[in-house]
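Each chain, letter by letter, is given below.
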Amino acid sequence: MEKLDNLYREIIMEHYKNPRNKGLIDDPSYVTVHIKNPSCGDDITVQSKFVNGIVKDCRHDGHGCSICCSSASVMTETVIDKTTEEANKIADNYLLMVTNKSFDETIDLEEAAVYSGVRQFPARVKCASIAWQAFVETLKKGA
Amino acid sequence: MEKLDNLYREIIMEHYKNPRNKGLIDDPSYVTVHIKNPSCGDDITVQSKFVNGIVKDCRHDGHGCSICCSSASVMTETVIDKTTEEANKIADNYLLMVTNKSFDETIDLEEAAVYSGVRQFPARVKCASIAWQAFVETLKKGA
Amino acid sequence: MEKNLYRSDFPQFQDKTFVYLDSAASALKPQSVIDSVNHYYHDLSVNIHRGIYDEAYEATRLYEETREMVASFINASPEEIVFTRGATSALNLVALSYGMNLTSEDEIITSELEHHSSVLPWQAVANKTKAKLVYIPLDSEGRITVEAFKSVLTKKTKIVAITYVSNVMGYISPLDEIIPLAHQFGARVVVDAAQAAPHLKIDVKRLDVDFLAFSGHKMLGPTGVGVLFGKQELLNSMEPIELGGEMNEEVGKFQSVWKDAPYKFEAGTMPIASIIGLAKAIEYLKNVNLEEIENHTKRIRNYAYQQLKKIDGIVIYNPTSDSSIIAFNIKNVHPHDAASYFAEKKVALRAGHHCAQLIIKWLQIEACLRASFYLYNTFEDADQLVQTAKAAVKFFRSVGFEG
Amino acid sequence: MEKNLYRSDFPQFQDKTFVYLDSAASALKPQSVIDSVNHYYHDLSVNIHRGIYDEAYEATRLYEETREMVASFINASPEEIVFTRGATSALNLVALSYGMNLTSEDEIITSELEHHSSVLPWQAVANKTKAKLVYIPLDSEGRITVEAFKSVLTKKTKIVAITYVSNVMGYISPLDEIIPLAHQFGARVVVDAAQAAPHLKIDVKRLDVDFLAFSGHKMLGPTGVGVLFGKQELLNSMEPIELGGEMNEEVGKFQSVWKDAPYKFEAGTMPIASIIGLAKAIEYLKNVNLEEIENHTKRIRNYAYQQLKKIDGIVIYNPTSDSSIIAFNIKNVHPHDAASYFAEKKVALRAGHHCAQLIIKWLQIEACLRASFYLYNTFEDADQLVQTAKAAVKFFRSVGFEG
Ligand SMILES: Cc1ncc(COP(=O)(O)O)c(C=O)c1O
Ligand SMILES: Cc1ncc(COP(=O)(O)O)c(C=O)c1O
């Protein structure tokens, strides 16, 4: 069961059980993006607050499998306090990594790096991606 | 070209070029049935007049291939002056013959017997049938 | 254990490790069906109708022969059989054509057990015509009962859109009683038989059903073909929705005349290969006999159920299912997480809402796992399911999912 | 004569006597397409979407890969590619959805060159919405000219429904000029590319076309699959017509939310095998290059035409055809009589109105014969056609058909 152990890593489970930055805020200074993964019903909303080129805050809510929910939590922790440029770079490289494309390995994905195991589960790549895709959308809309 | 010679028999060509009982009549004592062969565009209308159990008159009009048009002409000649019962029997057996099913060979199909060649051309059976089918319909409706 | 007599007809089981428990989504195909599709592409490959050459005539003959076989399979006449792209298209055709005659005075009865393809077309009719959409209250198990049906049936009811066999719970609807009741009130009954056709002997005359739809791919047949049965006078009264080649008798610049049913509903080039292949699926089902299939699959289903329910950490939503479906979850494990585990162990089952969100909501869950059995499944498959379920519970607890 | 390099890819030519001149109705399939359909049924055979096990994932991947290949084939984005049952369904979808926004103030331009599948959906829109249906006057050859198009184009024009290549005359419509003109007047252009896709390089961006439809089976692909291209903003603005599984995001008892295009138009189980097979057809066409195909088929068509026209008793309706079609008759011989003769000699061609009654009426004939050539045809096929035509004339005169 090596492959599955690679997927359900401790950090992932930890974020799944204790999600950070969860719950939405009713504050117009946040950019909100809602993404549904129609192929499995995962449903994630991401809110980002950008101030002077910095990701001041990032929040998430929704439901889905452990990979989807935990990655939303990891994502918020990873991008908060980064410049929008840095955060964008991390997000792009993360999405390249999980889809098994070549990516810039010099960029530190921090805790998000533990999602590399998802590459062995093509059917779950989408689960690991949608929170990050939603974040990229908030960047496009608001940063 | 034996098969084709069997199809385009002299009698058939003769009726094709000189159709009998052609042209419709505006007379409510006739039963009118219109049949289209949607698979090839043949379009035949048959009118029958039944008096005291006799096919007093039968007329046809329409357009289509030589097999279709000639068989309408042959049909009218065959059924006129028969009892509806006789005519029905001939029609039924004719239709069985052209569709290559077993039929009562003791029944005299008269000139219509020349259409036996159509059995070798399954795609043309419909052409040889529709005038007769229309006649059977007039029987059902009016006799 | 006992030998499965059908299995060797299905080439996919040459992979001995393949445990296929997703037949409710799509059935595997026997070699005879594959060969028949192949025969069309390899030896005929031409269009039907209006072709006078041999290949076109032969393809047309096979196409129309399938119509006759489908008709006899459900005890209908060939004129009552319309080929469509699938059950979904068939159900939409009834709603888009027959359904558009409804008015704001009318009511449509349906249920939360419906597949989206059965309920959404009528939801749209209700929204467009302002007819009222009424749901049969389900009983405590999530079943449609005759009593509950009676409680919503009124003189205003014009349509009853109802599933024959539910694709999540496996319940069989009491159509024998529902249809005559509906008719007493002047309503028409549209039955979604997508899950019934592979399992039950359908007799449209005995049922006296007005419309009934199913798909080829769930009953061993090819993808891309479905069937709409409609009583002849109803089909004749209906307007075609898709217009084009082959469905008309006469085309004028501003007005045209359609062929009779069923042809007026079959516009353009149809899925010829799939329709020809469907004949072989029906032949296969007739040869093995639907009752025996049902017997076989239910025994395996019950065998699996008896063991699954004993596993601590497994919750089953349809203990009393009438058909070969088990809807379940691992407690506190999202079904997509669970399904990956099963997939790793080569046990193919489905996770999600199974295109039936209303019953998923009724169950107050987010999604579930579904194992569905069919004629080629074995008791070993059931064992594999049970063992994998046990191991999965253990695995997920071990990595930290709550118990 | 010259060797045909494609022929050996098509298993049907193992019968050396088979002269197939009916590709405009349906093309024969290369082995790679047959193998690909076979692969799906033999090794996968499962439903797509929501399947987490390997076979479902692989089928889904192949399905979506086809969408990307279709998109790149016509220079569109994958989101702009909707799979349908065929060109007919695709054209109807535009009419049933986009078309229903028209009013009695609006006009729809179409032509008598249209296939029924292109004109009838808009005839129905006109009849339902009271929009006015306007026909482009054809020139003396039966062609659509830019001048004639301009003569009917007005500020009221909302839709131009037009064929790319006529399936009877083989004329190519001047879309390069028509589409920008239509856009200047604020109209949307719906192109029927069923005969174009197998023959011409289509570039939807260069054409700037709004909607474009074609069928798999005419371009070496399987039956039961077609493509609707629509500009993204147009598809997004349109309501789906068929509702059901997989096309929604959220289903409530009374209201539901659809997925984005193209998925909202793909309800229920799609023709998975045919869609997967279509990828191989496109691959094949890309490898051999459409320009070369067109070059080849037009040379053969012209070679046949030059000889046919010399035969006393043969009348040809499209001497200046731009494509590989010859529409003709034997004088005073109904085309069904003639087609039987050709069929006897194993020359497969089609007789009838070719689902294009308006142009048949315009020609003031009842029906005609159509020979159509494609990449696998040879000069020997053309010779066979010509010789058989000569012999047919002789035969029919001999049995008594008038000269
Ligand atoms: C020009 C044209 N348009 C539309 C169609 C309809 O295509 P299909 O029958 O595959 O839906 C055809 C083929 O029959 C055609 O030749
Ligand atoms: C009960 C039920 N109805 C309808 C459908 C729709 O069938 P299809 O997707 O083949 O159109 C399905 C299958 O998905 C089903 O299970």
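In case you missed it, the structure is sitting above this.
Residues numbered from 1 in each chain as written. Chains lettered and ligands numbered in written order. Predicted model: local features only at pLDDT ≥ 70, side-chain atom pairs only at ≥ 80, totals over all residues. Heavy atoms only, no water.

The next subject is the overall build of chain C. If you tally the helices and strands in chain C, you get 13 helices and 15 strands. For chain C, the C-alpha radius of gyration of 22 Å lies close to 22 Å, the compact-globule estimate for 403 residues. Its C-alpha atoms give chain C principal-axis dimensions of about 70 × 55 × 35 Å. Split into buried and exposed, the 403 residues of chain C put 71% on the buried side. Counting only contacts in chain C whose residues sit at least 6 apart along the sequence, the fraction spanning at least 24 positions is 70%. Looking at chain C as shown, the accessible area adds up to about 12700 Å², and 49% of this sits on carbon and sulfur atoms. Each charge class in chain C can be summarised by its mean position, and for the 41 positive and 49 negative side chains these summaries are 5 Å apart. (Helix = DSSP H or I, 4+ residues; strand = E, 2+ residues; numbered from the N terminus. Rg over C-alpha atoms; globule rule 2.2 N^0.38 Å. Buried < 20%, exposed > 50% of the residue type's maximum accessible area, 1.4 Å probe, protein only. Contact = heavy atoms within 4.5 Å. Areas by Shrake-Rupley, 256 points an atom, 1.4 Å probe, with all protein chains shown as cover. Lys, Arg positive; Asp, Glu negative; His and termini not counted. Charge placed at Lys NZ, Arg CZ, Asp CG, Glu CD.)

Each copy superposes on the other: chain D lies on chain C with an RMSD of 0.0 Å after a rotation of 180° and an axial shift of 0.0 Å. Expressed as a symmetry operation, the mapping of one chain copy onto the other fits a two-fold axis. Most of the interface of chain D is mirrored in chain C, where 100% of its interface residues again form contacts. (Least-squares fit on C-alpha atoms with pLDDT ≥ 70 in both.)

This brings us to the sheet that holds strand E15 (residues 368-372) of chain C. Residues and elements named next belong to chain C. The strand order across the open sheet formed by 4 strands is E11-E12-E15-E14, and the pairing between neighbours is antiparallel. The open sheet has two edge strands, strand E11 (314-316) and strand E14 (350-352), and neither has a second partner. Strand-to-strand twist of the sheet, defined as the mean angle between neighbouring strand axes without regard to direction, takes the value 35°. In the sheet, E11 pairs with strand E12 (residues 325-330) via 3 bridges, with the strands oriented antiparallel. What sits directly across from Ile316, in E12, is Phe328. The strands that helix H10 (residues 290-308) touches are E11 and E12; relative to E12, the one it contacts most, it runs at about 20°. (Pairing = 2+ DSSP bridges. Axes fitted to C-alpha atoms, helices over the stretch in contact; angles between N-to-C directions.)

Formed by 352 residues in total, the largest nonpolar core has its most connected members in A:Phe135, B:Phe135, C:Leu385 and D:Leu385. Excluding its chain neighbours within four sequence positions, the residues that come into contact with C:Leu385 are C:Leu21, C:Ala304, C:Leu308, C:Phe328, C:Phe342, C:Val347, C:Leu349, C:Ala371 and C:Phe373. One finds C:Ala124, C:Val125, D:Val82 and D:Leu234 within the second-largest nonpolar core, a separate group that totals 73 residues. (Core = buried A, V, L, I, M, F, W, Y, C linked by side-chain atoms within 4.5 Å.)

Contacts between chain D and chain B engage 14 residues on the former and 17 residues on the latter. Carbon and sulfur atoms make up 62% of the surface buried where chain D meets chain B, a total of about 1400 Å² over both sides. Along the contact surface separating chain D from chain B lie 2 salt bridges. In this structure, the salt-bridge partner of B:Lys3 is D:Glu344, at a minimum N-O distance of 2.9 Å. Between chain D and chain B we count 7 residue pairs in polar contact (both at pLDDT 80 or more) in total. Counting residues per element, the ones that place at least two in the side of chain D that touches chain B are helix H11 (335-344) and helix H13 (379-399) of chain D. (Buried area = accessible area lost by both parts, 1.4 Å probe. Salt bridge = Lys/Arg side-chain N within 4 Å of Asp/Glu carboxyl O. Polar contact = N/O pair within 3.5 Å; in protein donor to acceptor, adjacent residues only side chain to side chain.)

Further remarks concern the side chain of C:Asp337. Mapping C:Asp337 onto the fold places it in helix H11 (residues 335-344). Take C:Asp337: its relative accessible area is 0%, and that puts it in the buried class. A polar side-chain atom of C:Asp337 sits 2.7 Å from a polar atom in the side chain of A:Ser66. Contact partners of C:Asp337, with chain neighbours within four places excluded, come to A:Tyr8, A:Cys65, A:Ser66, A:Ile67, A:Arg124, C:Phe396 and C:Phe401.

Contact with chain D, which involves 90 residues of that partner, is made by 90 residues of chain C. Across the chain D to chain C interface the summed buried area is about 7200 Å²; carbon plus sulfur atoms make up 53%. Notably, a salt bridge pairs D:Lys361 with C:Glu250, separated by 2.7 Å at the nearest N-O pair. Put simply, chain D and chain C have 55 residue pairs in polar contact (both at pLDDT 80 or more) between them. With 9 residues, helix H1 (residues 31-44) of chain D is the largest single contributor of residues to the side of chain D that touches chain C.

This brings us to the site of ligand 1. D:Thr88, D:Asp192, D:Ser215, D:His217 and D:Lys218 are the nearest of the 13 residues found near ligand 1. Of the chains in the model, those with residues near ligand 1 are chains C and D. Measuring from an oxygen atom of ligand 1, one finds a backbone N or O atom of D:Ala87 at 3.5 Å. Between ligand 1 and the protein, one listed contact pairs an oxygen atom with a side-chain N or O atom of D:Gln195 at 2.6 Å. Here ligand 1 has 390 Å² of accessible area as a free molecule, and 95% of this is covered by the chains. Looking at the shell around ligand 1 residue by residue, the classes come out as 2 nonpolar, 9 polar and 2 charged. (Near = heavy atom within 4 Å. Nonpolar A, V, L, I, M, F, W, Y, C, P; charged D, E, K, R; others polar.)

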